[in-house]
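Per-entry structural report
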Amino acid sequence: MKPPVRVAITGAAGQIGYNLLFRIAAGDMLGNDQPIILHLLDIAAAQHILNGVVMELHDCAFPLLMDIVTTDDPLIAFTDIDIAILVGARPRAKGMERKDLLSANAEIFSIQGKALNQAANRNVKVLVVGNPANTNAYITLKNAPDLPIKCFSAMLRLDHNRALSQIALKLGQPVSKIKKMIIWGNHSSTQFPDLSHAEIDGKKILSLIEDQSWVEAYFIPTVQNRGTAIIEARGSSSAASAANAIINHIQDWCFDTKKDDWVTMGIPSDGSYDIPEGVIYGFPATCQAGTYHIVQGLEINNIAKLKMFATYQELLEEKNAIKHLLPRQ
Ligand SMILES: NC(=O)C1=CN([C@@H]2O[C@H](COP(=O)(O)OP(=O)(O)OC[C@H]3O[C@@H](n4cnc5c(N)ncnc54)[C@H](O)[C@@H]3O)[C@@H](O)[C@H]2O)C=CC1
Ligand SMILES: O=C([O-])CC(=O)C(=O)O
């Protein structure tokens, strides 16, 4: 039997938590031969709900679930963990943009960055989901100066999956055939869902879509604003699809992306594609041996450059609003 992997999930008593924990414990994320210890963090006021979730986890009798730690203390939650999924944060309500959550949520990630720095395994994989996810991930990494920068990522996989599905629906093809999608930039309505490299059976998708205005008038805004549409329809934000995207993101990071394809991950900018260092930005990425790499060498036209820069500008504005929470230079 393999040694157990310790997976911390924050906001474990919330709606994403309820859609995520059971799938992780069932083996959907790390495989059906990988024992797991769950470290579940939520605030003191939510511990009674968390207890109910733990009762249900026990009632599933998952063979892979070796132990469950529950706590409201990030230091306890993050001790010796291999994977951290930082979900715990306020969700937005109708009429809000994700960046409106900055003042409510930013401090959470400053505290949790410090706790990760102190207690997590040095090769921990940290995925930030709580919104605004890119900037919260940046706060987290800046507060964890002793951890390598490549330990950190933010979730744009839900946007990536949304884009795949819209194309699958448009072309009447299975999602699995659509390759090389990209969501550049921020997990916000300024993101740039970019079809120009996407392929199906080796053919460029843009050449298969007869009505090019569909891309600008329908595809891009639908993907950009899908979170808002879900909130309007359900009355609360995406939970099952967010949990599914978390599983996809961690699975690819741990077990490699597929050959001849890539995924979108929010990762620290390094100057690639003229996006300066200092933000967490959605890039096309491949993963090998537990490390992500930005896909290099893609041709970017001038219109795309403008869209990529606009979403970068929004990230700079968000960063400016939380600069007091950034101790690491
Ligand atoms: N990046 C992405 O693609 C997506 C991000 N989200 C974001 O994920 C976050 C969570 O969403 P839901 O689960 O729907 O919200 P929720 O309100 O159902 O659950 C949030 C949980 O976090 C807990 N929490 C609050 N402060 C905490 C802290 N300091 N430490 C630990 N736990 C804390 C709350 O007590 C609650 O149990 C929101 O910020 C939402 O906007 C949601 C969907 C997709
Ligand atoms: O829209 C929201 O606030 C939740 C979220 O991030 C998404 O569904 O993409």
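On a predicted model such as this, the values are computed, not experimentally measured, just so you know.

Thresholds, definitions, all that
- Residues numbered from 1 in each chain as written.
- Chains lettered and ligands numbered in written order.
- Predicted model: local features only at pLDDT ≥ 70, side-chain atom pairs only at ≥ 80, totals over all residues.
- Heavy atoms only, no water.
- Helix = DSSP H or I, 4+ residues; strand = E, 2+ residues; numbered from the N terminus.
- Rg over C-alpha atoms; globule rule 2.2 N^0.38 Å.
- Buried < 20%, exposed > 50% of the residue type's maximum accessible area, 1.4 Å probe, protein only.
- Contact = heavy atoms within 4.5 Å.
- Near = heavy atom within 4 Å.
- Polar contact = N/O pair within 3.5 Å; in protein donor to acceptor, adjacent residues only side chain to side chain.
- Areas by Shrake-Rupley, 256 points an atom, 1.4 Å probe, with all protein chains shown as cover.
- Nonpolar A, V, L, I, M, F, W, Y, C, P; charged D, E, K, R; others polar.
- Pairing = 2+ DSSP bridges.
- Right-handed = clockwise from strand over helix to strand, strands pointing away.
- UniProt positions renumbered as here; feature names shortened; annotations may be inferred.
- Salt bridge = Lys/Arg side-chain N within 4 Å of Asp/Glu carboxyl O.

1. Things to note about the overall build of the protein chain
- The secondary structure content of the protein chain amounts to eleven helices and 14 strands.
- For the protein chain, the C-alpha radius of gyration of 19 Å lies close to 20 Å, the compact-globule estimate for 329 residues.
- Across its three principal directions, the C-alpha atoms of the protein chain cover 55 × 45 × 40 Å.
- Within the protein chain, the fraction of its 329 residues that count as buried is 57%.
- Counting only contacts in the protein chain whose residues sit at least 6 apart along the sequence, the fraction spanning at least 24 positions is 74%.

2. Some points on the site of ligand 1
- Around ligand 1 there are 25 residues in total, and Gln15, Asp42, Arg90, Val129 and Asn131 lie nearest to it.
- Contact between ligand 1 and Asp42: an oxygen atom at 2.6 Å from a side-chain N or O atom of the residue.
- Considered on its own, ligand 1 offers 870 Å² of accessible surface; in the complex 86% of this is hidden by protein.
- Listed by contribution, the elements that provide at least two residues to the shell around ligand 1 are α1 (15-26) and α4 (102-119).
- Looking at the shell around ligand 1 residue by residue, the classes come out as 13 nonpolar, ten polar and two charged.

3. Details of the pairing of strand β4 (residues 83-86)
- The alternating pattern of β4 places Ile83 and Ile85 and Ala84 and Leu86 on opposite faces, both of which are buried.
- Bridge count between strand β1 (residues 5-10) and β4: four bridges; the pairing is parallel. The residue bridging Ile9 from the neighbouring strand is Ile85, located in β4.
- The pairing of β4 with strand β5 (residues 125-128) spans four bridges and is parallel. Along β5, the bridge assignment pairs Ile85 with Leu127.
- In this fold, the crossover linking β4 to β5 by way of α4 has right-handed handedness.

4. Describing the UniProt feature "active site" (unreviewed entry) in the protein chain
- According to UniProt, the feature "active site" (unreviewed entry) maps to His187 in the numbering used here.
- For His187, a relative accessible area of 8% corresponds to the buried category.
- Contacts of His187, omitting those with residues within four sequence positions, involve Arg98, Asn131, Asn134, Met155, Leu156, Asp159 and Arg162.

5. Considerations on the site of ligand 2
- With respect to spatial proximity, the complete set of residues near ligand 2 consists of Arg92, Arg98, Asn131, Leu158, Arg162, His187, Gly227, Ile231, Ser237 and Ser238.
- Take Arg162: an N or O atom from its side chain is 2.8 Å from an oxygen atom of ligand 2.
- Residue His187 places a side-chain N or O atom 2.6 Å away from an oxygen atom belonging to ligand 2.
- Protein chains bury 94% of the 270 Å² of accessible surface belonging to ligand 2 in isolation.
- Grouping the amino acids of the shell around ligand 2 by side-chain chemistry returns two nonpolar, five polar and three charged.

6. Regarding the pattern of salt bridges
- Tallying each qualifying case throughout the model produces nine salt bridges.
- A salt bridge links Asp159 to Arg162, with the nearest nitrogen and oxygen atoms 3.8 Å apart. Note that Asp159 and Arg162 are positioned in helix α6 (residues 157-171) at a spacing of three residues, about one turn of the helix. For the pair Asp159 and Arg162, one class covers both residues: buried.
- Asp201 is the salt-bridge partner of Lys177, the closest N and O atoms lying 3.2 Å from each other. Placement of Lys177 in the loop between α6 and β7 (178-179) and of Asp201 in the loop between β10 (199-200) and β11 (203-204) is noted, with a sequence separation of 24 residues between them.

7. A closer look at unusual backbone geometry
- Asn131 connects to Pro132 through a cis peptide bond whose omega is -5 degrees.
- Assignment of secondary structure puts Pro132 in the loop between β5 and α5 (133-142).
- A positive phi angle is found at Asp256, which is not glycine, with a value near 85 degrees.
- Looking at where Asp256 falls in the secondary structure, it is placed in the loop between α10 (240-255) and β12 (263-268).
- Backbone geometry at Asp274 places phi at a positive 60 degrees, although glycine is not the residue there.

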